[in-house]
Amino acid sequence: MSLNIETRCIHIENAGPNPYGAISYPIFQTATFAHPGFGQSTGYDYSRQQNPTREHLEQMISSLENGADALACSSGMAAISIMMELFEPGDHLIIEEDLYGGSIRLFDHISKKNHITFSSLDLSTEDPEPYFNEHTKAVFIETPTNPMMHITDIEKLALTAHEHGALLIVDNTFLSPCLQNPLDLGADIVIHSGTKYLSGHNDTLAGFLISRSEETAEKLRFISKTTGPMLAPFDSWLLLRGIQTLSVRMKAAEENASAIACWLTSQKFVKKVYYPGLPSHPGHEIMKKQARGFGAMVSFTVKNGEMAKNILNSIRLIQYAESLGGTETLLTYPLTQTHADVPEALRKKNGITDSLLRLSAGIEHTEDLLRDLDQAFQAAAAAAGLRTI
Ligand SMILES: *Cc1c(COP(=O)(O)O)cnc(C)c1O
């Protein structure tokens, strides 16, 4: 019997041995493992290679994304850095142009130094076909993208990538495995910043690489054990604990995001709302086809930069902070926070302006969030000498 995802967030099918029946999987806080005798092994040697707590977590993530294997890393960027080690000087990647700022920084400053080249385009609207060449090894996307919420048809892009012998790699952080499983749609590698929804409590950094094939998984495991950016046992346990409530948190956060997106569309000083759950969003139908929900991230632009800053100064319950996916609602200013290192021309092209705000809906009561936004909007309007109605 295959279990539903809500159940798989709590129970691992075919989990390894658990000799004392501990309901909370133990933290094996050890760097090394003794061997019973020469040529014998408990199955573990040294925690850089594998640790039972991390292995338990990896089985959980692999099950949630329907992968052949999952690797738990010390952060989302560690996962993306390991992934980039699959490529060699001279290789070429096609990448979505609107991505998490840290990924763009990695490609611009580390990968380019390693002589890997990139074509960056809006894959939600542009045809990637002319960008493939004999050196193209992979296509890298987020859908929805951070922060402009571009939606790409994963199944269609996987077919195109495979026709050219390239991998499709999807950073699935914004939706979590509860809402979207790119491997089922043809992707080859899925990435998560586990810091976000999977951890769920803004208390630890983590990252994941999930592969569809054993062959890719083996390559990634070799790179990881050689370079060393894996997740510690205690942090692995925090992730296991967070994931137990992933499905209920995603539902509650999405409900809030949807209500907030609707509320924002009715506001006089809001210029544009980017939320794929709105039927007017250009990616709405694709999202309905490939995901089980629309997620809990909402970006929006207000009248001007002054207004955006005044809103950030006026929120009380909602916190002004970067990151996302936790129980608390956060408001981010991408221009100077998550996307500060994106080259200015690209930021402008993508629409990351001084009037853009990005909201990560938490799981507080909807009314309390709307009341806080309402008072912050009124205060921001008053500060600018305007009236909200
Ligand atoms: C946060 C984030 C990352 C980076 O993850 P860290 O855990 O902060 O290293 C990568 N991709 C997306 C979409 C993110 O939101």
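Residues numbered from 1 in each chain as written. Predicted model: local features only at pLDDT ≥ 70, side-chain atom pairs only at ≥ 80, totals over all residues. Heavy atoms only, no water.

K.L.:
How would you summarise the overall build of the chain if you had to cite specific residues and measurements?
P.N.:
Helix and strand counts for the chain come out as 13 helices and 12 strands. A compact globule built from 389 residues would reach a C-alpha radius of gyration of about 21 Å, and the chain, at 21 Å, matches this within 12%. Along the first, second and third principal axes, the C-alpha atoms of the chain reach 80 × 50 × 40 Å. Evaluated residue by residue, the chain yields a buried proportion of 57% over its 389 residues. For the chain, the share of sequence-separated contacts (at least 6 apart) that also reach a separation of at least 24 residues comes to 72%. Carbon and sulfur atoms make up 52% of the accessible area of the chain, which totals about 16900 Å². Both charge centroids of the chain, one from 31 positive and one from 45 negative side chains, sit 6 Å from each other. (Helix = DSSP H or I, 4+ residues; strand = E, 2+ residues; numbered from the N terminus. Rg over C-alpha atoms; globule rule 2.2 N^0.38 Å. Buried < 20%, exposed > 50% of the residue type's maximum accessible area, 1.4 Å probe, protein only. Contact = heavy atoms within 4.5 Å. Areas by Shrake-Rupley, 256 points an atom, 1.4 Å probe, with all protein chains shown as cover. Lys, Arg positive; Asp, Glu negative; His and termini not counted. Charge placed at Lys NZ, Arg CZ, Asp CG, Glu CD.)

K.L.:
Describe the environment of Ala-253, and please don't skip the residues or the numbers.
P.N.:
In this fold, Ala-253 is placed in helix H9 (residues 246-265). Along the backbone, Ala-253 and Leu-356 are 103 residues apart, and their C-alpha atoms lie at a distance of 21 Å. With sequence-adjacent residues up to four places away left out, Ala-253 is seen in contact with Ala-296, Ala-361, Gly-362 and Ile-363.

K.L.:
Would you mind going over a positive patch on the surface in detail, with residue names and values included?
P.N.:
Taken together, the side chains of Lys-268, Lys-271, Lys-303 and Arg-387 make up a positively charged region of the molecular surface. Relative to the elements of secondary structure, Lys-268 occurs in the loop between H9 and strand S8 (270-274). Judged by relative accessible area, which is 54%, Lys-268 ranks as exposed. (Patch = residues over 30% accessible without salt bridge, like charges linked within 9 Å, V, L, I, M, F, W, Y side chains within 5 Å. Salt bridge = Lys/Arg side-chain N within 4 Å of Asp/Glu carboxyl O.)

K.L.:
Outline the nonpolar core, listing residues and values.
P.N.:
Of all hydrophobic cores here, the largest spans 85 residues; its most connected members are Leu-168 and Phe-300. Take this core: its biggest share by element is 8 residues, from H9. Ranked by size, the runner-up nonpolar core spans 28 residues in total, among them Ala-78, Ala-79, Phe-107 and Val-342. (Core = buried A, V, L, I, M, F, W, Y, C linked by side-chain atoms within 4.5 Å.)

K.L.:
Before we move on, could you go through the pairing of strand S6 (residues 189-193) and cite the residues and values that matter?
P.N.:
The side chains of a regular strand alternate between the sheet's two faces. For S6, a buried count of 5 out of 5 residues is recorded, marking the element as mostly surrounded by other parts of the structure. The alternating pattern of S6 places Ile-189, Ile-191 and Ser-193 on one face and Val-190 and His-192 on the opposite face, and all of these are buried. As defined by bridge partners, strand S5 (residues 167-171) adjoins S6 across 3 bridges and the pair is classed as parallel. Pairing of Ile-169 across the sheet is with Ile-189, part of S6. Sheet analysis places S6 next to strand S7 (residues 207-211), joined by 5 bridges and oriented antiparallel. Looking at the pairing, Ser-193 lines up with Gly-207 of S7. (Pairing = 2+ DSSP bridges.)

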